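Given next are the chains, with one letter for each unit.
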Amino acid sequence: MSASAPSYHATIALAGRPNTGKSTLFNALTGRNQRIGNFAGSTVEKASGSRVVNGCTVEIVDLPGTTTPLPITTDQKIAMDFIDREIAKDQTFCIFWVAEASTLELDLPFALFFHRLGYPITLIVNMIDEAEKNGLAIDCARLEKDLGFRVVASSGKTKRGMHDILHAIATSIKAGQTTMPVETISALALRDEAHLCLTHSEALTDAHTIVQNATRGRTRGALLPIMKTSLALDRFFLHPVLGPILFLVIMAGLFQAIFTWAAPLTDGIEWVMATLASAVKSHLTNPLLSSLVADGLIAGLSAVLVFVPQIGMLFFLIGLLEKTGYLPRAATLVDRLMRPFGLDGTVFIPLLSSFACAIPGIMATRTITSNKRRLATILIAPLMTCSARLPVYTLLISAFVSSEARLLGLSVQGLTMVGMYALAIVFAILVALVIKLTPLRSEKTGQCVMLPPFRLPNLKELAHFTLQRCAVFVFKAGKVIFVLSILLWILASFPRVYTTPTNMSLVNSEPPPIEASYLGHIGKAVEPAFAPLGYDWRLSVGLMTAFAAREVFVSTLGTIFAIDNSDNSDSDEDVPQSLVTHLQTATDETGSPLYSLATAVSLLLFFAIALQCMSTVAITYRETGGIKWPAIQLAYLWTFAYVAAFLGYRMTLWFIF
Amino acid sequence: MISLSSTVLNTQYRIVELALPNARERLHAIAMGLHPNSVIQKIRPTPFGDPVEYLIDGERLLAIDHAVSAHIVVEEVIP
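Residues numbered from 1 in each chain as written. Chains lettered and ligands numbered in written order. Predicted model: local features only at pLDDT ≥ 70, side-chain atom pairs only at ≥ 80, totals over all residues. Heavy atoms only, no water.

1. Remarks on a nonpolar patch on the surface
So, step 1. Taken together, Leu407, Leu408, Leu410 and Leu415 of chain A make up a surface patch of nonpolar side chains, about 430 Å² in accessible area.
So, step 2. On the secondary structure map, Leu407 of chain A appears in strand E9 (residues 406–407). (Patch = residues over 30% accessible without salt bridge, like charges linked within 9 Å, V, L, I, M, F, W, Y side chains within 5 Å. Areas by Shrake-Rupley, 256 points an atom, 1.4 Å probe, with all protein chains shown as cover. Salt bridge = Lys/Arg side-chain N within 4 Å of Asp/Glu carboxyl O. Helix = DSSP H or I, 4+ residues; strand = E, 2+ residues; numbered from the N terminus.)

Quick look at the structure:
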């Protein structure tokens, strides 16, 4: 990717409606692999590549899917802003409008509209092979004559027409510097929405005549062969009884895959990182350097990498559902159920993604048309049970819920875990209902969503897309987690000069006991704030460190309780058993148990709600463009978590005694 | 002429007017392929009743909420 590469002779923007094959065309032109999705607005980030045409280096940009000239969604705004920014530059720029050959009448008005405003435009009649299979014959020469701008037929999948597209790019370069349009699309949209609508409608009428004159092979309204399969499949997927059953089966399979299939890979990464840390500790003689590399750098890297299998699995499977065409149908299926809570089907994909990780979930909100609903979804997304919560839940449930307890023949430990997932949905509903009472309540707008035809996905492209998304996660979110992990190491490893209980100052090359470290001091300082929830300074420190990433809570407690890693090296469990024992048997100065079931209930509630993820805060900041929304998100989730944990703690104490 | 929401299943209608309340909604409907003169056919309601799946010009499927379809004026296509 080289969007900021210094010396391009020209820029070509691939624009158009979602699902017209823009990304496949982009891959074919640049040799890079990019996402192709079936869900409206699936290309949520600007992707650019380069190609040398007649000795000139051309930047080719794959713009997010655009359905109207109005910047209704963030994605569409990104596309329009890019076009207007590039057109103002002192270099060659051309929009290559990608239209789906089988539904040309749907895509042509927009291209015509841009042309009439004065934008340089070329029409790519893509998926021409599919149109031919549908019995359509499109006369591109006639189209070009009637439209007054270049028209090229192509197929990104079979790379047909690539030579003609390159020739069109060469012609654009030859034409030289781009002239400014009469009025930019952004200025027009700001000035007069109604006028824009009218102008677009005129383009629509003209486009209809032009398409009719250039297309042979079918009469208007006749069923396209590709739609027959979709209509047959929809009989099952949107069936009143079978539809919801299939939906539940597919979702259950998705979660099963994320949490089961990814587990061996996660375990493998943990093993590699632990082996690496041991090797560093045995080879580096300087204790400070050894600790920095093993406990700081490698631990930080590990905290990032352990998420990759689950995130990769999630993106692969969601991508698979998108590309087959099922996901928009799933969203329409749940739409009606979400309305009483002020939400709708558009929030389904972001919330589903948030069950693995809130970061891709929040990024996926860009396709939501209502800005208020988008903000509401961003506020709710961190409540979904992400994968980072699982180690914490497993530790607490293992320590405080009996493994032998049964309810109706089912393990109470397992039921508690399922209950935590259900609780997340209940909390999300509660928050959505509260949001309905605030100015964030979305105006009631009807939805009109395109259901793309069912298509067989290209697994190779999907695999490349998954790897690309994982790389984005490692480099973007990973940076935050990594830096914070190093910071926590510093706080836990210093000062090297500290006072012992006998009041002697020691200067030591070894790290201080956690109690004497800066982190310990911070824990003691915040302990009174968490005392009403039943937490001592150790748990308070755990909560503080868990702000980097929730699962850090487990490793922090491990450090505090001075767990010997060799103790659990043989364990098959996800949680070190010695830590479970420590939590069960820890006592205070009077010999009373330090933690109880009430503490566990309080912690489970706190972790289910509180926003303890720096990366989520960072992504909310980036997506909302300011400090206001991440601050609101952080404040409300922590307040809600505190109150729920307090009530949970007190009620459990009352119930037990 | 009737509203799209009150049409019957598997019968072809022609879109006469998009009487949506504002320009933005009208433009969005047009962009989704709800063009005047397009042939539209109600296929099936989604499992919980709303939105409803429609086939437009035999070439694209849309899920349209009642709140939108109530504002689309159509007339039956007489074969």
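So that's the structure; there's more coming.
2. Re the packing of helix H18 (residues 389–400) of chain A against helix H25 (residues 597–609) of chain A
Residue and element names in this part refer to chain A.
So, step 1. At a minimum axis distance of 10 Å, the contact between H18 and H25 shows a crossing angle of 165°. Put simply, H18 runs roughly antiparallel to H25. When the axes of H18 and H25 are compared, the crossing they make is left-handed. Taking contact as the criterion, the partners of Arg389, Val392, Tyr393, Leu396, Ile397 and Phe400 in H18 are, on H25, Leu597, Ala600, Leu603, Leu604, Phe607, Ala608 and Ile609. (Axes fitted to C-alpha atoms, helices over the stretch in contact; angles between N-to-C directions. Parallel < 35°, antiparallel > 145°, perpendicular 65-115°, else oblique. Left-handed = near helix turned anticlockwise from the far one by under 90°. Contact = heavy atoms within 4.5 Å.)

3. Points about the side chain of His28 of chain B
So, step 1. Mapped onto the elements of the fold, His28 of chain B is located in helix H1 (residues 23–31).
So, step 2. Not counting residues within four places of it along the chain, the set of residues in contact with His28 of chain B comprises Thr68, Ile72 and Cys448 of chain A.

4. Thoughts on the pattern of salt bridges
Residue and element names in this part refer to chain A.
So, step 1. Counting across every chain of the model gives 20 salt bridges over all chains.
So, step 2. Residue Arg455 pairs with Glu130 through a salt bridge whose shortest N-O separation is 3.0 Å. With Arg455 in the loop between strand E11 (448–451) and helix H20 (459–493) and Glu130 in helix H4 (residues 128–133), this pair connects stretches of sequence that are 325 residues apart. Considered together, Arg455 and Glu130 belong to a single accessibility category, that of buried residues.
So, step 3. One salt-bridge network, held together by shared partners, links Arg17, Glu100, Asp107, Glu130 and Arg455. (Buried < 20%, exposed > 50% of the residue type's maximum accessible area, 1.4 Å probe, protein only.)

5. Quick word on the nonpolar core
So, step 1. One finds Phe348, Ile380, Tyr535, Phe553, Leu557 and Phe606 of chain A to be the most contacted residues of the largest nonpolar core, which totals 115 residues.
So, step 2. Of all hydrophobic cores here, the second largest spans 51 residues; its members include Ala111 and Leu451 of chain A together with Ile43 and Leu55 of chain B. (Core = buried A, V, L, I, M, F, W, Y, C linked by side-chain atoms within 4.5 Å.)

6. Some details on the pairing of E11 of chain A
Where a strand is regular, its side chains alternate between the two sheet faces.
So, step 1. Burial along E11 of chain A is two-sided: Cys448 and Met450 of chain A facing one way and Val449 and Leu451 of chain A facing the other are all buried.
So, step 2. Across 4 bridges, the pairing between E11 of chain A and strand E5 (residues 60–64) of chain B is antiparallel. Bridge pairing in E5 of chain B places Met450 of chain A opposite Leu62 of chain B. (Pairing = 2+ DSSP bridges.)

7. Regarding the interface of chain A and chain B
So, step 1. If you look at the interface, chain A gives 45 residues, while chain B gives 37 residues.
So, step 2. For the chain A and chain B pair, buried surface summed over both sides reaches about 3,800 Å², with 65% attributable to carbon and sulfur atoms.
So, step 3. Residue Asp50 of chain B is joined to Arg339 of chain A by a salt bridge in which the shortest nitrogen-to-oxygen separation is 2.7 Å.
So, step 4. Counting residues per element, the ones that place at least two in the side of chain A that touches chain B are helix H3 (104–117), helix H8 (193–214), helix H9 (225–237), helix H14 (326–338) and E11 of chain A.
So, step 5. Among the elements that line the side of chain A that touches chain B, the one with the most residues is H8 of chain A, at 7 residues.
So, step 6. Broken down by class, the residue content of the side of chain A that touches chain B amounts to 22 nonpolar, 13 polar and 10 charged. (Buried area = accessible area lost by both parts, 1.4 Å probe. Nonpolar A, V, L, I, M, F, W, Y, C, P; charged D, E, K, R; others polar.)

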